[in-house]
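Coordinate inspection notes
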Amino acid sequence: MGDVRLMKGNEVIAEAAIRCGCDGYFGYPITPQSEVLETLAIRRPWEETGMVVLQAESETASINMLYGAASTGKKVMTSSSSPGISLMAEGISYLAGAELPCLIVNVQRGGPGLGTIQPSQADYFQTCKGGGHGDYKLIVLAPASVQEMYDFVELGFELAFKYKNPAIILSDGVIGQMMEKVELGEYKPRWTAEQIQEISGSWACLGKAGRERHISTSLELDPYGMEKNNLRFQAKYREMEAKEVRYEMFDCEDAEYILVAFGSSARICQKTVEIARSKGLKVGLLRPITLFPFPTPIIRELAGTVKGFLSVEMNAGQMVEDVRLAVNGKVPVEHFGRYGGVIHTPEEVFDALKQKLIGE
Amino acid sequence: MDDQITYTQKDFKSENEVRWCPGCGDHAIMNSIQRAMANLGRKHEDFAVISGIGCSSRFPYYMSTFGFHTIHGRASAVASGVKCANPNLCIWQITGDGDALAIGGNHFIHLVRRNIDINLVLFNNKIYGLTKGQYSPTTDRGAITKSSPFGTIEDPFNPGKLVIGAGGNFFARSIDSNVKFTQEVFEEAARHEGTSVCEVLQNCVIFNDGVHNAITDPEFRADRQLFLKHGEKMIFGANNEKGIVFEKGRLKAVTIGQDGYTLDDILVHDAEEPTGWLQMLLCSMGLPELPVAFGVIRSVKAPVYDQVLVEQIEEVKASSPIKCMDDLLNSGDTWEVK
């Protein structure tokens, strides 16, 4: 085993960034994710790896600094919590439109508005269905453990560069604040100028002579040209749907009812599955790891064999719409969730399952 | 309106439990504001308290007036909207160094530039308190905070210079612990027509305790604080023995009767001087060479946006040939459909 530590989810985001060779972080304090910025500040990566850490004057500044930094072909990231991500929406749309790779972390809290600082999953729509304007998609990774907070930083960068598209880790206040065992990976050096030239040489602003001029932009005034751009984006999103779907299943082989849950809700639902199984009920759990691309094919397949799905989310019913689209009316799909910063218990989920689907 | 309005501080207190930390400077500032409001002769229902996000922005909950707890950094814009939609209100915007000068810097300078009649109180504790101790845009260069464990590498804003630089017409500075003085400053700010900005040096007991101690230390404060009054000499010191002179393009602190300086050499404060060049220097004064200036540093009469807005609407209405629907229908080409 490698370097094993007991760490907070937010601290691990910072640690992972340093270890995976991230070049820059731009952020602004907001509860419950300020430890990302603070951990980076105390770790002093600018001395260790040369990574830049900057506290901006707002989330609007953070995302635009990220927009600029991403145009240089470097591995750059930001993090925030729900209201801060709303402020970044404009920049995120531009990053997607200009096809620039970067990593964003959202440690969600309850909304709408200023809401609360307690955990929530109510930004599913914002993250997966838009948030900013225009037909764009983010690569959305939903960690359910501190270990995944670590692993998804590197994975997020990998996918962002593979598709020249922003990737986002959609976490929440539970995962960000809780401490768990985490195995840290090896230090990977930051990319050299030569490596960046090789990976992103066709578009990145490298400051190297003898290259064709490139302008990073999301603007195309000719509508036919803009449609062409959109067709290119859509082809990319279809490719993600074909190649990048990630999910995990627990006790689904013989299941009659399936809970669908991501992030901390999935951790709670694992316990619900145990409770149900102990009472002889055949219940399984499907945990989408990528929320975009969504694991539509497996849900469609399971819809042929199970009696119903319960989408369990810390929101008023968001992912359930994607589950319903996948199931396409074959079997009932219900939603259960607590919201506004309240976390459901495994027993509440079990009761909802019985009430809404099993019929007891 | 009632002929006699007699309010006291407690008429402006709300039922809500005040949740600032014990010892926080915000408690004192709230006392000053409530006392100032009671003295203004305005009806209770005319007051609206508008805040952004931060510790100071919890203010509306603790006031018995109408309130609006808005968006981080956006209070200046929201307050502008409230005042322009209902110019009769007496608007108090409560904000901090983060809310007004970091995320809200853009809205802040535009409020000041437009000169909308809003009383803006800027709590300056040089730290982000609500998010537990990261540096703000007024944090001194080199300060150790949670997000700058090895010292900041940025220079801070000087709010007074920012206000004057943005074309502002009223700027005052006070300190949380001096409740009576702060109250007077607030009353003057409220009576000023147009945007008034009052910076109140505030102590955050938890995340930046003692940040203003060098200025407030009882042993030295007479030598380190200069209380400005329009039309009066800039003198300070325990026995009023010191003063400010303008020499070789700079401000200088001197002792009256020493090195040939007499009372005649000491500058007289002119808060109404429109260009603001000397007021800008007064805002910049700081330890160790010079005392810190308090009081109304700038108070200049200028067109007030919300007043001009209403006047312009009335003017255009008065000069328009269209007074009713019939006028409108007969104002251009008309034809009859047969």
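Note that the structure is predicted; figures quoted are calculated from it, not measured.

Rules of the game
- Residues numbered from 1 in each chain as written.
- Chains lettered and ligands numbered in written order.
- Predicted model: local features only at pLDDT ≥ 70, side-chain atom pairs only at ≥ 80, totals over all residues.
- Heavy atoms only, no water.
- Salt bridge = Lys/Arg side-chain N within 4 Å of Asp/Glu carboxyl O.
- Helix = DSSP H or I, 4+ residues; strand = E, 2+ residues; numbered from the N terminus.
- Buried < 20%, exposed > 50% of the residue type's maximum accessible area, 1.4 Å probe, protein only.
- Domains from an automatic or database assignment.
- Contact = heavy atoms within 4.5 Å.
- Buried area = accessible area lost by both parts, 1.4 Å probe.
- Polar contact = N/O pair within 3.5 Å; in protein donor to acceptor, adjacent residues only side chain to side chain.
- Nonpolar A, V, L, I, M, F, W, Y, C, P; charged D, E, K, R; others polar.
- Axes fitted to C-alpha atoms, helices over the stretch in contact; angles between N-to-C directions.
- Parallel < 35°, antiparallel > 145°, perpendicular 65-115°, else oblique.
- Left-handed = near helix turned anticlockwise from the far one by under 90°.
- Pairing = 2+ DSSP bridges.
- 1 Å grid on protein atoms, 1.4 Å probe; cavity = no way out; pocket = protein on both sides within 12 Å on 5 of 7 lines; lining within 4 Å.
- Points joined across faces, edges and corners; volume = space filled by probe spheres on them.

Section: the pattern of salt bridges
Where charged atoms of side chains with opposite charge meet at close range, the side chains can pair. Residues and elements named next belong to chain A. Summed over all chains, the structure comprises 33 salt bridges over all chains. One salt bridge connects Glu194 with Lys208, and the closest N-O pair in it is separated by 3.6 Å. Here Lys208 lies in the loop between helix 9 (193-200) and helix 10 (223-243) and Glu194 lies in helix 9, a separation of 14 residues in the sequence. Residue class for Glu194 comes out exposed when judged on its relative accessible area of 51%. Lys208 sits in the partly exposed class, given a relative accessible area of 32%.

Quick word on the domain arrangement of chain A
Residues and elements named next belong to chain A. When the domains of chain A are assigned, the result is domain 1 (3-194) and domain 2 (247-358). Between the C-alpha centres of domain 1 and domain 2 there is a distance of 27 Å. Opposite the 30 residues of domain 1 that make contact, domain 2 presents 24 residues. Summing both partners gives a buried area of about 2100 Å² for domain 1 against domain 2, and 57% of it is carried by carbon and sulfur. At the junction of domain 1 with domain 2, the criterion picks out 3 salt bridges. The salt bridge partner of Glu180 is Arg267, with a shortest N-O separation of 2.5 Å. Applying the counting rule to domain 1 against domain 2 returns 15 residue pairs in polar contact (both at pLDDT 80 or more). If you list the elements that add at least two residues to the side of domain 1 that touches domain 2, you get helix 6 (124-129), strand 6 (139-141), helix 7 (146-163), strand 7 (166-172) and helix 8 (173-177). For the side of domain 1 that touches domain 2, the element with the highest residue contribution is helix 6, accounting for 4 residues. Of the residues that constitute the side of domain 1 that touches domain 2, the class distribution is 17 nonpolar, 7 polar and 6 charged.

Comments concerning the packing of helix 11 (residues 263-278) of chain A against helix 14 (residues 346-358) of chain A
Residues and elements named next belong to chain A. Look at helix 11 against helix 14: their axes get within 8 Å of each other, and the N-to-C directions meet at 60 degrees. One way to sum up the angle between helix 11 and helix 14 is to call them oblique. The handedness of the crossing between helix 11 and helix 14 comes out as right-handed. Of the residues in helix 14, those touching helix 11 at Ile268, Cys269, Lys271, Thr272, Ile275 and Ala276 are Pro346, Glu347, Val349 and Phe350. Residues that form the contact of helix 11 with helix 14 fall into these classes: 7 nonpolar, 1 polar and 2 charged.

Description of the sheet that holds strand 10 (residues 257-260) of chain A
Residues and elements named next belong to chain A. Reading across the sheet, the 5 strands line up as 9-11-10-13-14 and stay open at both edges, with mixed pairing between neighbours. The open sheet has two edge strands with one neighbour each: strand 9 (247-250) and strand 14 (333-336). In this sheet, neighbouring strand axes are inclined to one another by 20 degrees on average, regardless of whether the strands run parallel or antiparallel. When strand 10 meets strand 11 (residues 283-288), the two strands line up parallel, connected through 4 bridges. Across the sheet, residue Ile258 finds its bridge partner in strand 11, namely Gly284. Sheet strands touched by helix 11: strand 9, strand 10, strand 11 and strand 13 (308-312). Its angle to strand 11, the strand with the most contacts, is close to 165 degrees.

Thoughts on the layout of surface pockets
Residues and elements named next belong to chain B. Of the volumes computed, that of the second largest pocket is approximately 470 Å³. Lining the second largest pocket are 22 residues; nearest its centre among them are Lys126, Asp140, Asn158, Arg173 and Met285. Among the elements of the structure, helix 6 (159-165), strand 6 (196-201), helix 8 (213-216) and helix 10 (277-284) are those that each provide at least two residues to the lining of the second largest pocket. Looking at the lining of the second largest pocket residue by residue, the classes come out as 11 nonpolar, 6 polar and 5 charged.

Quick notes on unusual backbone geometry
Each neighbour pair has its own omega, and for A:Gly111 with A:Pro112 the value is 0 degrees, a cis peptide bond. With respect to the element layout, A:Pro112 can be found in the loop between strand 5 (102-108) and helix 6. Cis geometry is adopted by the peptide bond preceding A:Pro293, which originates at A:Phe292 and carries an omega value of -5 degrees. Considering the arrangement of structural elements, one finds A:Pro293 in the loop between strand 12 (290-292) and helix 12 (296-302). We note that A:Glu99 has phi near 55 degrees; this positive angle belongs to a residue other than glycine. With respect to the secondary-structure elements, A:Glu99 resides in the loop between helix 5 (82-97) and strand 5. A positive phi angle, close to 75 degrees, is found at B:Lys132, a residue other than glycine. Note on placement: B:Lys132 falls in the loop between strand 4 (118-124) and helix 6.

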